[in-house]
Amino acid sequence: MTRRDILATAAATAAAGAFSARASEPARHQQIVELRQYAMRPGRRDALISLFEDRFVESQEALGSTVLGTFRDLDDPDRFVWLRGFESPQGRHDALDGFYTGPVWQANRAAANAAIADSDNVLQLSPIGAGFDLAGLSRAPVGSQARSTAVITATLCPIARGQEAAFAEAFARDVAPALAAAGAPVLASFATDPGPNSYPRLPVRQDLSVFVWFQAFDSEPAQALFAAGPGAAFQRSLTPRLTGPITVQRLSPTARSLIQGPVPATDGRKDFDFLIGSWRVKHRRLKARLAGSTDWVPFEGWCQCRKTMGGLGNVDDNVLNIPGGAYGAVGVRRFDAKLNRWSIWWLDARYPDIDTPVHGGFRDGVGTFIGEDSLEGRPILVRFTWSKITPSTAHWSQAFSPDGGATWEVNWDMDFERVT
């Protein structure tokens, strides 16, 4: 068994649980994937993109490769990033040799090379799991000029050589589920391919071993919010396993990129309309948090919710009948129409401070809201989840994570039953 076989087998086994819901058909030409980062001559990036999308997509794919994605680097106006996949080392050799000795490249290489300052920053990668799910994707026709608002991020983690499979296993177990819970699931992940460069005419980097994962956001503000909150916490949790700093590339899909990112989310200002009214609430709260406790305290309560700010907010007034005496609390929610997200604050009548907010929204009927806080002096992530929503019932839970989202402990459940 080769090193590539060992990596693929171990990583696929580790990632199967985390990624099984994503890929619905076999990956196309992703057994070897090149992450190509071109430094452009100043001001020439769009000229290359126009030439590339007109001449270099179908001509490469006709010879056995797949142009998976083409991107503008949002943080460097003179960087063009693209992904090209192959079914095998020999398939890569044959596809590249056919293209670079063929008529399309020969006729256009002078124009392409005039725009490119350096094309040697290339990582040769192997997929963890199935690679990108391409089911149902279609490429825009030649001549398309649409500009996407989506952001694709490539997070590059430098790791020690020989640790690809172990890192992939830890990522699938500890990080990928947390990213999904934060509303930014992994599109695909890859590690440095251990095999030789099957087409030496085009160099690939030999000085760096990496683990790379891709995520998609519907806008730059959405990506920025994730990066400043949960994203930063997840990165901190990985740092001890790395040989250098993490790099996050923010990429804007070109008009003909196969990977385009999500369609902008629908307006979420009505997402909490289900909660308006009066409710009986059955609570179950963990007696001690992040202390290994399994002692739950049940009690009952009451909640009344109404809209505020013309529908851009709501507030719920709560009575919680805990053992030892009832107390009041208020949940305050505000919808940011520009960012298309909700922020939630909790005020407890027993204490003068307002809890730090959590932020998020609903997807597929489940609301997930995450924020940073502290517990007894140590930093934690806080997650609110709304689920099981019907006209007369709903479920809310709170969970804390002490390790950047790798693990979560649910410490409070509420089951709502409508009164009016």
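Keep in mind it's a predicted model, so treat the numbers as computed, not measured.

**Concerning the state of the cysteines**
Applying the stated criterion across every chain yields a total of 0 disulfides. Counting only cysteine sulfurs, C305 is the nearest neighbor of C303, a cysteine outside any disulfide, at a range of 6.1 Å.

**Focus: the nonpolar core**
One finds F272, L275, F369, W386, W412 and F416 to be the most contacted residues of the largest nonpolar core, which totals 30 residues. Every element with two or more residues in this core is listed here: β9 (277-286), β10 (296-308), β12 (327-336), β13 (341-348), β15 (366-375), β16 (378-387), β17 (393-401) and β18 (409-418). Contact partners of W412, with chain neighbours within four places excluded, come to H283, R284, R285, R289, W296, F299, L320, Y327, W346, W396, S397 and Q398. Membership of the second largest hydrophobic core comes to 23 residues, among which are I128, A178, L179 and F226.

**Things to note about the pairing of strand β5 (residues 151-158)**
Summarising burial for β5: 8 of the 8 residues are buried, a large majority. Here β5 shows a buried face lined by V151, T153, T155 and C157 and a second buried face lined by I152, A154, L156 and P158. Inspection of the sheet shows β5 paired to strand β7 (residues 210-217) by 8 bridges, in the antiparallel sense. Looking at the pairing, T153 lines up with Q215 of β7. Strand direction decides the pairing type here: β5 and strand β8 (residues 247-253), joined by 5 bridges, are antiparallel.

**Section: the packing of aromatic side chains**
Enumeration according to the criterion identifies 32 aromatic pairs in this entry. Between the aromatic rings of F335 and W342, the centroid separation amounts to 5.3 Å while the plane-to-plane angle is 50°, which identifies the pairing as tilted. With relative accessibility at 3%, the residue F335 sits in the buried group. Taking the centre distance of 5.6 Å and the plane angle of 85° together, the rings of W396 and W412 count as edge-to-face.

**Here we look at helix α5 (residues 103-115)**
Two residues of an α-helix separated by three or four positions point the same way, owing to the 3.6 residues in each turn. The largest bend in α5 is about 55°, located at R109. Within α5, the full set of buried residues consists of W105, N108, A112 and A115. For α5, the secondary structure elements touched by its buried residues are β1 (32-40), α2 (45-56), α4 (89-100) and β4 (116-128).

**Comments concerning the packing of helix α6 (residues 164-181) against helix α7 (residues 220-238)**
α7 packs onto α6 with a crossing angle of 155° between their chain directions and a minimal axis gap of 11 Å. In this view, α6 runs roughly antiparallel relative to α7, as classed from their interaxial angle. The two elements α6 and α7 meet at a crossing, and its hand is right-handed. Together, F167, V175, A178 and L179 of α6 and F226, F234 and L238 of α7 make up the contact between the two elements. For the contact of α6 with α7, the per-class residue count stands at 7 nonpolar, no polar and no charged.

**Digging into the pattern of salt bridges**
Tallied over the full model, the rule gives 23 salt bridges. For E34, the salt bridge goes to R92, with nearest N and O atoms at 2.9 Å. Here E34, found in strand β1, pairs with R92, found in helix α4; they are 58 residues apart in sequence, far enough to count as distant. Assigned by exposure class, E34 and R92 land together as buried. Between D76 and R79 there is a salt bridge, with the nearest N and O atoms lying 3.7 Å from each other. Judged by its relative accessible area of 24%, D76 falls in the partly exposed class.

**What to know about the environment of D78**
Secondary-structure assignment places D78 in the loop between β2 (66-73) and β3 (79-86). Overall, D78 belongs to the partly exposed group, its relative accessible area being 23%. Taking the C-alpha atoms as reference points, D78 and R284, 206 residues apart in sequence, are found 55 Å from one another. The contact partners of D78, leaving out residues within four places of it in the chain, are Y38, A39, M40, R41, P42, G43 and R45.

**Some details on the confidence of the model for the chain**
Summing up the model confidence of the chain, the mean pLDDT is 89 and the portion of residues at 70 or higher is 93%. Model confidence for the chain, summarised as mean pLDDT per element, is weakest for helix α1 (residues 3-19) at 37 and strongest for β1 at 98. Within the model, the stretch residues 1-26 combines pLDDT values under 50 with 47 contacts to residues more than four positions away or in other chains.

**Describing the environment of V419**
Its location among the elements puts V419 in the segment after β18. Relative accessible area serves as the criterion here: at 41%, V419 is assigned to the partly exposed category. Once the C-alpha coordinates of V419 and Y351 are considered, the two residues, 68 residues apart in sequence, prove to be 29 Å apart. Setting aside anything within four residues of it in sequence, one finds V419 in contact with S278, W279 and R280.

Reading the values: the criteria
- Residues numbered from 1 in each chain as written.
- Predicted model: local features only at pLDDT ≥ 70, side-chain atom pairs only at ≥ 80, totals over all residues.
- Heavy atoms only, no water.
- Disulfide = S-S within 2.5 Å.
- Core = buried A, V, L, I, M, F, W, Y, C linked by side-chain atoms within 4.5 Å.
- Buried < 20%, exposed > 50% of the residue type's maximum accessible area, 1.4 Å probe, protein only.
- Helix = DSSP H or I, 4+ residues; strand = E, 2+ residues; numbered from the N terminus.
- Contact = heavy atoms within 4.5 Å.
- Pairing = 2+ DSSP bridges.
- Phe/Tyr/Trp six-rings, centres within 6.5 Å; stacked < 30°, edge-to-face > 60°.
- Bend = angle between axes of the 7 residues up to and from the residue.
- Axes fitted to C-alpha atoms, helices over the stretch in contact; angles between N-to-C directions.
- Parallel < 35°, antiparallel > 145°, perpendicular 65-115°, else oblique.
- Left-handed = near helix turned anticlockwise from the far one by under 90°.
- Nonpolar A, V, L, I, M, F, W, Y, C, P; charged D, E, K, R; others polar.
- Salt bridge = Lys/Arg side-chain N within 4 Å of Asp/Glu carboxyl O.
- pLDDT = per-residue confidence, 0-100.

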